[in-house]
Amino acid sequence: MCGIVAYVGPNPAFPIVIEGLKRLEYRGYDSAGIATIEKDGALTVSKKKGKVADLTSHIGKLTPTGSIGMGHTRWATHGPPNDINAHPHKGASDRLAIIHNGIIENFATIKESLKCRGHNLASETDSEVLAHLIEEVLDTSSLGLFDAVRAALSQVVGAYALVVIDKKNPGRLIAARKSSPLVIGIGEDGAYYVASDATPIISHTKNVVYLEDEEVASLDVESGLRIRTISNDIITPEVHALEIELESIEKGGYEHFMLKEIFEQPQSIRDSIRGRINLQLGEIKMQGIDDHWEKWENASRILILGCGTSWHAGLVAEYLFEEFARIPVEVEYASEFRYRNPIIRPDDVVIAISQSGETADTLAAIKTAKEVGAHVFGVCNVVGSSIPRETDSGAYTHAGPEIGVASTKAFTSQVAVLSMMALHIGNKKGNIPRERFTRLIAELNNIPELVEQVLDQAPRIDEIAKQFSKAENALYLGRGYQFPIALEGALKLKEISYIHAEGYPAAEMKHGPIALIDDDMPVIFIAPMDDVYEKVVSNVQEVKARGGRLLGVVTEGDKDVASLADHIIEIPRCDDALAPLLSVVPLQLLSYRMAVLRDCNVDQPRNLAKSVTVE
Ligand code: AGP
C-alpha cells in the first residue's frame with residue numbers, strides 16, 4: 001500500500017505534507033514525492049526514488065511556499081521504484097497533478113485509448129492514466145474540477161484513494177475513494193487535510209470524516225467541504241472525533257516502533273480486555289456476538305480468514321474455539337480462499353482478522369462469504385477502516401496504532417479478543433464448567449502482569465540473540481497451541497532479519513525438516529509445561545542427538561528442556577489456552593534484537609509494507 005497526505009489552508013503546505021509523509025512511511029517507502037501550487041500559480045512537482053529523507057535532500061533548502069500541496073510515499077505495484085514512477089503524476093500539460101493508492105485494473109485499456117488520442121505517458125504506472133483522464137475531461141467538456149474527477153472515475157475499474165490539485169483551482173483539493181482508505185481532517189482554522197489514515201492528521205485536528213467507497217470530496221478554503229457519490233448523489237459529511245492520541249504514533253524514546261509496540265503489550269492487552277471481562281459477575285461481554293447470538297448458537301462451522309500474522313492468530317483461535325465453543329473451525333489464507341471457489345454455507349460463521357482492516361485479500365474474501373449469506377465477524381485494530389465497514393459485526397482489538405511493519409501488539413490483542421470470544425461462546429453454550437470458566441477469565445485478566453514479567457527478561461534475550469544473529473536459517477517448533485506460535489516466531493524473524501526461518505509442528509519434524517539439523521542450525525522450541533510437554537521433550541532429545549543449537553521457551557522451573565537446550569527463556573506458568581499470549585513475546589524480542597544486530601531496517605523491512613492493499 002502507499003501513503004497519501006494533502007493539505008489546503010492558510011499555512012505553507014510543504015512542512016505539513018512532509019511531516020505527514022514521515023508518519024505514513026510505514027505504509028510504503030520505495031519512493032516519495034510532493035506537489036504544490038505556488039502563489040504565482042505554478043504547479044511544482046518533486047519526486048524521488050527512496051525514502052522521504054531522500055526527497056527532502058533532493059529538494060534542498062528552496063522549499064515550496066504554496067498553501068496547497070499533496071505528498072505520496074509509494075509501495076510499487078506497477079513499474080519499479082524509480083524517479084519517474086514515483087508520485088505525484090501530471091497530465092499532458094502542467095495544469096494538474098494526482099497521487100493515488102490502489103490498483104487501476106483497466107489501466108492498460110485506458111492507457112491505449114489515451115495514446116490513440118495523442119497522450120504521452122511518461123511512467124510505467126497505472127496511476128498516471130488518472131491524471132491524463134481527468135485533464136482530458138476538463139479540456140473537452142464544460143465540467144468543473146469536481147465533476148470532471150467524477151466523470152473520469154466513472155470510466156475506471158479498480159481501487160483508488162486519489163487526491164487531485166489543479167492550478168486553475170488553487171484553493172481546492174479533490175479527493176476520491178474506492179476500496180482504498182482516505183480520511184479527511186477538518187482544521188479549526190479553515191484548513192483541510194486528507195490522508196490514508198489518521199496518523200498525519202492527529203497532530204492538527206481530531207475532527208475527521210471517513211470517505212466512503214465511490215465518494216468524491218471537494219475541500220475548498222472558500223466553499224468548504226462537499227461530498228458527492230460518483231453517481232452525483234449529495235452526501236452529508238459525518239464528522240467523527242479521533243480516539244487516538246499523538247503520543248501513540250511517536251516512538252516515545254524507543255529506538256524503533258517495533259520495540260515500543262512489544263513493550264506496549266501489557267497495556268494493549270489490558271485495552272483489548274477492558275469492559276469485556278467482569279470478574280465480579282464472572283462473565284465476558286462481547287456485544288458483537290450477543291447481538292447475533294442465534295448465528296453463533298446455530299453455527300455448523302467457523303471459517304477464519306486472514307493473512308500473515310493475522311492468519312496465525314486465526315490458528316490459535318482454531319484451538320480455542322474447538323476446545324471451548326466446540327464448533328468445528330477451518331482457518332484459511334484469505335488469498336487462497338477467495339480464488340478457490342470455496343464451499344460456504346449460510347449457517348457458516350466467518351471471522352475475518354486484520355490489524356489494518358485494509359488487506360485486499362481479506363476484504364475480498366469477506367465479500368465472497370457475504371455473497372452466500374454467511375455471517376461475518378471482524379476482528380480489527382483500525383477504527384473506521386474498510387473491513388469493519390464490510391462485516392456484519394465485530395470487535396475492535398484496541399491495541400492502538402501499530403506502526404512497525406512487523407505485527408506484535410496487534411497479534412497479542414487479536415489472540416486476547418479471540419480467547420474472550422471462544423470463552424464467551426463456550427460459556428453461553430454451557431460447555432465450560434463454571435469453576436474453570438471463572439478461573440480462565442481471572443487468568444486472562446492477569447495476563448498483562450505476566451507479559452510484564454516476560455518483558456523483564458529482555459536483557460537476557462538480547463544476549464541470546466547475539467549467539468544466533470549470524471545464522472542463515474532457523475527452525476521453530478511447537479505443538480498444540482504453540483504450533484501457531486512457532487509459525488509466528490518464524491515469520492517475525494524472516495520479515496525483519498531476512499534470515500530464512502520456518503515454523504513446524506514439533507511432531508512433523510521427523511517427516512523431513514530433521515534433515516536440516518546440523519551443528520549450525522538454531523532450533524527454537526516453544527515448550528511450556530502443557531498437555532503435550534513430554535512429547536516435545538522427546539523432540540528436543542531427537543534434535544539434540546543430531547546437533548542443532550537449541551533455544552527453549554519454557555515454563556519457569558523447567559528442568560527437562562533446560563538440561564538439553566543451549567539456552568532457555570522462562571515464561572510464567574498459565575493455562576495452556578492462554579500460553580500463546582506469553583510464549584510469543586520472547587520470540588518477538590529475539591527477532592527484534594537479531595535484526596538490529598544485523599543492521600536491518602526493523603520498522604521498514606525491505607520489500608514489505610504495513611498493510612497489503614493490493615491483490
Ligand atoms: C506481520 O508481521 C506482517 N506485517 C504481515 O504478515 C501482516 O500480518 C499481514 O499483511 C496481514 O495484515 P493485516 O493484519 O493488517 O490484515
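Thresholds applied
Numbering of residues starts from 1 in each chain and follows the order in which that chain's sequence is written. In keeping with the predicted nature of the model, local features appear solely for residues at pLDDT of at least 70, side-chain atom pairs appear and are counted solely at 80 or more, and the whole-chain, interface and lining totals rest on all residues. Neither water nor hydrogens contribute to the side-chain values; these are computed over all heavy atoms in the structure. Put simply, DSSP marks the helices as runs of H or I at least four residues long and the strands as runs of E at least two long, and each gets a number from the N terminus on. Here the globule rule reads 2.2 Å times residues to the power 0.38, and the radius of gyration is calculated from C-alpha atoms. Contacts are assigned to residue pairs that have any heavy atoms within 4.5 Å of one another. A 1.4 Å probe and the Shrake-Rupley method give the accessible areas. Residues count as covered only by the protein chains that appear here. His is not counted, nor are the chain ends, whereas Lys and Arg count as positive and Asp and Glu as negative. Note that the charge is assigned to NZ on lysines, CZ on arginines, CG on aspartates and CD on glutamates. Side-chain atoms within 4.5 Å link the members of a nonpolar core, which is a set of buried Ala, Val, Leu, Ile, Met, Phe, Trp, Tyr and Cys residues. Burial here depends on accessible area, computed with a 1.4 Å probe over protein chains only, as a share of the maximum for the residue type. Under 20% is buried, over 50% is exposed, and the range in between is partly exposed. For two strands to pair, DSSP has to find at least two bridges joining them. Between the N-to-C directions of two axes lies an angle of 0 to 180 degrees, each axis being a line fitted to C-alpha atoms and, for a helix, fitted only over the stretch in contact. Multiplying 1.5 Å by the helix residue count minus one yields the expected span of that helix. Near residues are defined by distance, with any heavy atom within 4 Å of the molecule or strand qualifying the residue. Nitrogen and oxygen atoms within 3.5 Å of one another constitute a polar contact, given that in protein one can donate a hydrogen and the other can accept it, and given that sequence-neighbouring residues count only through two side-chain atoms. When residue character is reported, Ala, Val, Leu, Ile, Met, Phe, Trp, Tyr, Cys and Pro are called nonpolar, Asp, Glu, Lys and Arg charged, and the others, Gly included, polar. Throughout this description, the term salt bridge denotes a Lys or Arg side-chain nitrogen within 4 Å of a carboxyl oxygen of Asp or Glu. Pairing of aromatic rings covers Phe, Tyr and the six-membered ring of Trp, with a centre-to-centre limit of 6.5 Å; geometry is then stacked below 30 degrees between planes, edge-to-face above 60, and tilted otherwise. As a reminder, the over-ring test applies to NZ of lysine and CZ of arginine, requiring each to be within 6 Å of the ring centre and within 35 degrees of the ring normal. In these notes the angle categories are as follows: under 35 degrees is roughly parallel, over 145 is roughly antiparallel, 65 to 115 is roughly perpendicular, and the rest is oblique. Whether a crossing is left-handed or right-handed is set by the direction in which the near helix is turned from the far one by less than a right angle, anticlockwise for left-handed and clockwise for right-handed.

Enquirer: Can you walk me through the overall build of the protein chain in this structure?
Expert: Within the protein chain, the secondary structure is distributed over 20 helices and 27 strands. Relative to its length of 615 residues, the protein chain is compact, with a C-alpha radius of gyration of 26 Å against a globular reference of 25 Å. In the protein chain, 72% of the contacts between residues at least 6 apart in sequence involve partners at least 24 apart. For the protein chain, the exposed area adds up to about 22,500 Å²; of that, 49% sits on carbon and sulfur atoms. In the protein chain, which carries 62 positive and 85 negative side-chain charges, the distance between the mean positions of the two groups comes to 2 Å.

Enquirer: Sorry if this is basic, but what is going on with the side chain of T412 here?
Expert: Summarising the element assignment, T412 is placed in helix α14 (residues 409-428). With residues near it in sequence (within four places) discarded, T412 still touches Q265, I269, L581, V584 and Q588.

Enquirer: Quick question: what am I supposed to make of the nonpolar core here?
Expert: Generally speaking, a soluble globular protein has its nonpolar side chains buried in company with each other. Within the largest apolar cluster, 93 residues are counted, with the highest numbers of intra-cluster contacts made by W296, F321, I351, M421 and Y476. Counting residues per element, this core draws most heavily on helix α20 (residues 580-597), which supplies 11 residues. If near-sequence neighbours (up to four positions away) are discounted, F321 is found in contact with W296, I302, R326, I327, V329, I351, L418, M421, A422 and I425.

Enquirer: Sorry, what's going on with the sheet that holds strand β5 (residues 89-90) here?
Expert: Strand pairing within a sheet occurs via backbone hydrogen bonds; the two strands may be parallel or antiparallel. Strand order in this open sheet of seven strands is β5-β6-β7-β8-β12-β13-β14, and the pairing throughout is antiparallel. Here the strands that pair on one side only, and so sit at the sheet edges, are β5 and β14 (234-235). As defined by bridge partners, strand β12 (residues 215-220) adjoins strand β13 (residues 224-229) across six bridges and the pair is classed as antiparallel. Residue pairing across strands places A217 opposite I227, the latter belonging to β13. In the packing of helix α4 (residues 128-140) onto the sheet, contacts are made with β5, β6 (96-101) and β7 (160-166), and the angle to β6 comes to roughly 140°.

Enquirer: How do you make sense of helix α12 (residues 360-371) when you look at a structure like this?
Expert: Residues three or four positions apart in an α-helix share a direction because the helix packs 3.6 residues into each turn. In this model α12 runs 17 Å from its N-terminal to its C-terminal C-alpha over 12 residues, within 8% of the 16 Å that 1.5 Å per residue would give. Counting buried residues along α12, nine of its 12 residues qualify, which places the element largely inside the surrounding structure. Those residues of α12 lying buried are A360, D361, T362, L363, A364, A365, I366, T368 and A369. Looking at the packing, one finds that the buried side of α12 touches β18 (301-306), α11 (334-337), β20 (348-354), β21 (375-380) and α13 (386-390). Phi for G373, located one or two positions after α12, is positive at around 90°.

Enquirer: Whenever I open this one, the site of the ligand confuses me. Can you help?
Expert: Among the 14 residues in the neighbourhood of the ligand, the closest are listed as S310, S354, S356, T359 and E495. Q355 has a polar backbone atom sitting 2.7 Å from an oxygen atom of the ligand. For the ligand, the protein covers 91% of the area, taking 410 Å² as the surface of the free molecule. Among the residues forming the shell around the ligand, the class breakdown is four nonpolar, eight polar and two charged.

Enquirer: What am I meant to see in the pattern of salt bridges here?
Expert: When charged atoms on two side chains of opposite charge get close, those side chains can pair. Under the defined criterion, the tally for this structure stands at 35 salt bridges. For E443, the salt bridge goes to R439, with nearest N and O atoms at 3.3 Å. One end of the pair is E443 and the other is R439, both in helix α15 (residues 434-455) and four residues apart, which spans about a single turn. The exposure class of R439 is partly exposed, given its relative accessible area of 32%. One salt-bridge network, in which partners are shared between bridges, spans E323, E435, R436, R439, E443 and D575.

Enquirer: Hey, could you run me through the sheet that holds strand β25 (residues 522-527) in this one?
Expert: With respect to topology, five strands assemble into an open sheet ordered β24-β23-β25-β26-β27, the strand pairing being parallel. Each having just a single partner strand, β24 (500-505) and β27 (567-571) make up the two edges of the open sheet. In this sheet, neighbouring strand axes are inclined to one another by 15° on average, regardless of whether the strands run parallel or antiparallel. Relative to strand β26 (residues 549-555), β25 is paired through six bridges, and the arrangement is parallel. Note on β26: the bridge partner recorded for F525 is G552.

Enquirer: How should I be thinking about the environment of E247 in this particular structure?
Expert: With respect to the helices and strands, E247 occurs in the loop between β15 (240-241) and α6 (257-263). As for E247 and N232, which are separated by 15 residues in sequence, their C-alpha atoms are 39 Å apart.

Enquirer: Looking at this structure, how should I read the packing of aromatic side chains?
Expert: Where two aromatic rings form a pair, the distance of their centres and the angle of their planes describe that pair. As enumerated under the stated definition, the model contains five aromatic pairs in all. Considering the side-chain rings of W311 and Y333, the 3.9 Å spacing of their centres and the 15° angle between planes classify their relative orientation as stacked. With a gap of 22 residues between them, W311 in helix α10 (residues 308-325) and Y333 in strand β19 (residues 329-333) connect regions that are remote in the sequence. Taking the centre distance of 5.5 Å and the plane angle of 40° together, the rings of Y319 and Y481 count as tilted. Placement of Y319 in helix α10 and of Y481 in the loop between β23 (473-478) and α17 (483-497) is noted, with a sequence separation of 162 residues between them. Overall, Y319 belongs to the partly exposed group, its relative accessible area being 30%. Overall, the relative accessible area of 10% leaves Y481 in the buried class. For R606, the ring lying beneath its charged end belongs to Y498, and the centroid distance is 3.7 Å.

Enquirer: In this structure, what is going on with the pairing of strand β11 (residues 207-210)? I would like to understand it.
Expert: The two faces of a sheet get side chains in turn, since along a regular strand they alternate between them. As paired strands, strand β9 (residues 183-186) and β11 are joined by three bridges and run antiparallel to one another. What sits directly across from G185, in β11, is V208. Here β11 runs beside β15; their pairing, made up of two bridges, is antiparallel. Counted as the bridge partner of N207 is A241 from β15.

Enquirer: Please clarify how the packing of α17 against α20 should be interpreted in this entry.
Expert: When two helices pack together, their arrangement is given by the angle between the helix axes and the distance between those axes. Running from N to C, α17 and α20 cross one another at 20°; their axes reach a closest spacing of 9 Å. If you check the angle between α17 and α20, you find them roughly parallel. Classified by chirality, the crossing of α20 by α17 is right-handed. For the pair α17 and α20, the contacting residues are I485, E488, G489, K492, L493, I496 and S497 in the first and P580, S583, V584, L587, S591, Y592, M594 and A595 in the second.

Enquirer: Help me out: how do you make sense of the pairing of β25 in this one?
Expert: Judged by how many residues are buried, β25 sits mostly within the fold: six of six residues are covered. Along β25, one buried face is formed by P522, I524 and I526 and the opposite face, lined by V523, F525 and A527, is buried too. Alignment of β23 against β25, held across four bridges, turns out to be parallel. Of the residues in β25, the one forming a bridge with L475 is V523.

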